[in-house]
Amino acid sequence: VKATIGYLKNDGVEVDTCKHEVADVWRRYEELKQEANAIDYDDMLCLTLRLLEKQPDVAARYASRWSHIHVDEFQDTNKVQYAILRIIGRP
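Residues numbered from 1 in each chain as written. Predicted model: local features only at pLDDT ≥ 70, side-chain atom pairs only at ≥ 80, totals over all residues. Heavy atoms only, no water.

**Here we look at the pattern of salt bridges**
Stated precisely, the cut-off is as follows: Only one rule defines a salt bridge in this text: a Lys or Arg side-chain nitrogen within 4 Å of an Asp or Glu carboxyl oxygen. Helix and strand assignments follow DSSP, with helices taken as H or I runs no shorter than four residues and strands as E runs no shorter than two, numbered in order from the N terminus. Think of it in three bands: with a 1.4 Å probe and only protein chains considered, a residue is buried below 20% of the maximum accessible area for its type, exposed above 50%, and partly exposed in between.
In the structure shown here, the tally under the stated rule is twelve salt bridges. In this structure, K9 and D40 form a salt bridge, with 3.0 Å as the shortest nitrogen-oxygen distance. With K9 in helix 1 (residues 2-10) and D40 in the loop between helix 2 (23-35) and helix 3 (41-54), this residue pair connects regions lying 31 residues apart in the sequence. This pair shows no difference in class: K9 is buried, exactly as D40 is. In this structure, K9 engages D43 in a salt bridge whose closest nitrogen and oxygen atoms are separated by 2.7 Å. On the criterion of sequence distance, the pair formed by K9 in helix 1 and D43 in helix 3 is long-range, its members being 34 residues apart. Taken together, the shared-partner salt bridges in this structure form one network comprising K2, K9, E30, K33, D40, D42 and D43.

If you want it as structure tokens, here you go:
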């Protein structure tokens with residue numbers, strides 16, 4: 001179930017709009033994380049993407065920080081990771 005939730009998150013699906021059979025478990029998982037003031041790895045990626053999309057000044061600062069970005073195992077990059085790379089990889 002955790003792997004399915006992670007796959008959905010990394011595919012850009014939001015828990016509130018999820019129609020998958022794990023949606024109820026996912027909602028409860030999110031509630032438990034919030035009660036514990038915790039995030040998981042997939043949250044780190046999604047929150048980073050949200051920050052970069054909503055704060056252009058932050059995105060620009062990171063985009064200007066590096067002239068090259070090396071991505072190991074690029075073929076395993078998911079949609080969220082790719083979107084982050086597209087933002088920070090801008091010239």
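**Thoughts on unusual backbone geometry**
Unusually for a residue other than glycine, N37 sits at a positive phi of about 55°. Exposure remark for N37: the relative accessible area of 73% places this residue in the exposed category. A positive phi angle, close to 60°, is found at E73, a residue other than glycine. For E73, the location among the structural elements is in the loop between helix 4 (56-63) and helix 5 (79-88).

**Some words on the layout of surface pockets**
Quick reminder of the rule: With a 1 Å grid spanning the protein atoms alone, the term cavity applies to any set of points in which a 1.4 Å probe fits but cannot get out, the term pocket to an open set with protein on both sides within 12 Å along at least five of seven lines, and the term lining residue to any residue with an atom within 4 Å of a point. Grid points are joined across faces, edges and corners, and a volume is the space filled by probe spheres set on the points. Note that Gly is not counted as nonpolar here; it falls among the polar residues with everything else outside the nonpolar set of Ala, Val, Leu, Ile, Met, Phe, Trp, Tyr, Cys and Pro and the charged set of Asp, Glu, Lys and Arg.
Taken as a whole, the largest pocket encloses approximately 300 Å³ of empty space. Lining the largest pocket are 15 residues, and of these E30, K33, D43, L47 and R50 lie nearest its centre. Residue assignment for the lining of the largest pocket shows that the elements contributing at least two residues are helix 2 and helix 3. For the lining of the largest pocket, the residue count by class is seven nonpolar, two polar and six charged.

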